[in-house]
Amino acid sequence: TVNQPANRVEENGITAGVSYTVKDDVLSAGLELKAARENSLLAPNDKKWMSTVKIGPSVLWKMVPGGQIEFVPLIGIGRQSERSQSWLVVGWEL
C-alpha cells in the first residue's frame with residue numbers, strides 16, 4: 001500500500017493576462033488574473049470549495065539583450081482570497 005499525504009487538496013484554476021509594449025524590446029506593462037477553486041480531500045464526501053480570485057498589474061523589463069525581470073503584484077478579491085501574492089521572475093535567455 002501507498003501512504004497518502006494527510007493534507008491533499010484538489011484544485012481547479014485559470015490564469016489570464018494581457019500586456020502592452022510600452023517601448024519595443026525594453027518595457028511591457030499589463031494586467032494579470034488568477035482564479036482558483038480548491039477543496040480538501042481529507043473528507044471526500046464534504047465538498048466545501050474555497051474560491052479565490054487575485055488581480056493585479058504586471059511589468060516586464062528587458063534590461064539587457066537576453067535578460068529580463070518581471071514583477072506581478074496580485075491583490076485578493078473577496079473574503080476567501082489571500083490578501084496579496086507577488087511574483088518576481090528573473091530570467092536569462094541563452
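Here we summarise the structure given alongside this text. (Residues numbered from 1 in each chain as written. Predicted model: local features only at pLDDT ≥ 70, side-chain atom pairs only at ≥ 80, totals over all residues. Heavy atoms only, no water.)

1. Let's talk about the pairing of strand β4 (residues 67-77)
Phase 1: Bridge analysis of strand β3 (residues 50-64) against β4 gives seven bridges, and the strand direction is antiparallel. Within the sheet, the bridge partner assigned to V53 lies in β4 and is I77.
Phase 2: Linking β3 to β4, which pair antiparallel, is a turn of two residues; within it G66 sits at a positive phi near 95°.
Phase 3: Sheet topology note: the β4/strand β5 (residues 84-92) ladder contains nine bridges and is antiparallel. (Pairing = 2+ DSSP bridges. Helix = DSSP H or I, 4+ residues; strand = E, 2+ residues; numbered from the N terminus.)

2. Some details on the environment of A36
Phase 1: When you line up the elements, A36 lands in strand β2 (residues 27-40).
Phase 2: Judged by relative accessible area, which is 14%, A36 ranks as buried.
Phase 3: For the pair A36 and W49, spaced 13 residues apart in sequence, the C-alpha to C-alpha distance is 9.8 Å.
Phase 4: Once you skip the residues sitting within four places of it in the chain, A36 turns out to touch E11, N12, G13, M50, S51 and T52. (Buried < 20%, exposed > 50% of the residue type's maximum accessible area, 1.4 Å probe, protein only. Contact = heavy atoms within 4.5 Å.)

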